[in-house]
Amino acid sequence: MKLQKLWSLKRWAHIFRRLPRLITSSQIPLFEKLMFLVPAGLYWVLPDVMPFIPLDDIAVSMLLMNWFVTRAERKYPLL
């Protein structure tokens, strides 16, 4: 993905709109959902590189959200 597209507010609005729908969809297998939820959850729970500053947690979660939405939309285009 191009860096310019990654900084686009339109792209992030799309991701925030689609993520809840994709996570709750019964057409996406549980394994696919866990590929997003487990790393994101572990990153929030495990000790941080920068404790008490959640900026890195938010950034990693947003990158994982971008990856999950892009992957799910490519694999399951009819959702």
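Residues numbered from 1 in each chain as written. Predicted model: local features only at pLDDT ≥ 70, side-chain atom pairs only at ≥ 80, totals over all residues. Heavy atoms only, no water.

### Quick word on the overall build of the chain
Each helix and strand in the chain was counted, giving four helices and zero strands. Listing the helices and strands of the chain from first to last along the sequence gives α-α-α-α. Residues counted as buried form 27% of the 79 residues belonging to the chain. A separation of at least 24 residues holds for 70% of the contacts in the chain among residues at least 6 apart in sequence. For the chain, the accessible surface area stands at approximately 5900 Å², while carbon and sulfur atoms represent 73% of it. (Helix = DSSP H or I, 4+ residues; strand = E, 2+ residues; numbered from the N terminus. Buried < 20%, exposed > 50% of the residue type's maximum accessible area, 1.4 Å probe, protein only. Contact = heavy atoms within 4.5 Å. Areas by Shrake-Rupley, 256 points an atom, 1.4 Å probe, with all protein chains shown as cover.)

### Details of the packing of aromatic side chains
In this description, a pair of aromatic rings is defined by centroid distance and the angle of the planes. Overall, the coordinates contain two aromatic pairs when judged by the stated rule. Ring centres 6.4 Å apart and planes at 45° place the aromatic pair Trp12 and Phe16 in the tilted group. Note that Trp12 and Phe16 are positioned in helix H2 (residues 9-24) at a spacing of four residues, about one turn of the helix. Plain terms: the ring middles of Phe36 and Phe68 are 5.3 Å apart, the flat faces sit at 25° to each other, and that makes the pair stacked. Linking Phe36 in helix H3 (residues 30-45) with Phe68 in helix H4 (residues 55-75), this pair joins segments that are 32 residues apart in sequence. In this structure Phe68 comes out as buried when scored by relative accessible area, which is 1%. (Phe/Tyr/Trp six-rings, centres within 6.5 Å; stacked < 30°, edge-to-face > 60°.)

### Some thoughts on the environment of Asp57
With respect to the helices and strands, Asp57 occurs in helix H4. With 16 residues separating them along the chain, Asp57 and Gly41 place their C-alpha atoms 9.8 Å apart.

### Topic: the side chain of Arg11
Structurally, Arg11 can be placed in helix H2. Of the buried charged residues, Arg11 lacks a salt bridge, with Glu73 as the closest side chain of opposite charge at 4.4 Å. Only 2.6 Å separates the side chain of Arg11 from the side chain of Thr70, close enough to count as a polar contact. (Lys, Arg positive; Asp, Glu negative; His and termini not counted. Salt bridge = Lys/Arg side-chain N within 4 Å of Asp/Glu carboxyl O. Polar contact = N/O pair within 3.5 Å; in protein donor to acceptor, adjacent residues only side chain to side chain.)

### Examining the packing of H2 against H3
Two elements in contact, H2 and H3, have axes separated by 9 Å at closest approach and are oriented at 125°. By the angle between their directions, the pair H2 and H3 is classed as oblique. Two secondary-structure elements touch here, H2 through Leu19, Leu22, Ile23 and Thr24 and H3 through Lys33, Phe36 and Leu37. Of the residues that constitute the contact of H2 with H3, the class distribution is five nonpolar, one polar and one charged. (Axes fitted to C-alpha atoms, helices over the stretch in contact; angles between N-to-C directions. Parallel < 35°, antiparallel > 145°, perpendicular 65-115°, else oblique. Nonpolar A, V, L, I, M, F, W, Y, C, P; charged D, E, K, R; others polar.)

In short, shape yes, function no, at least from these values alone.
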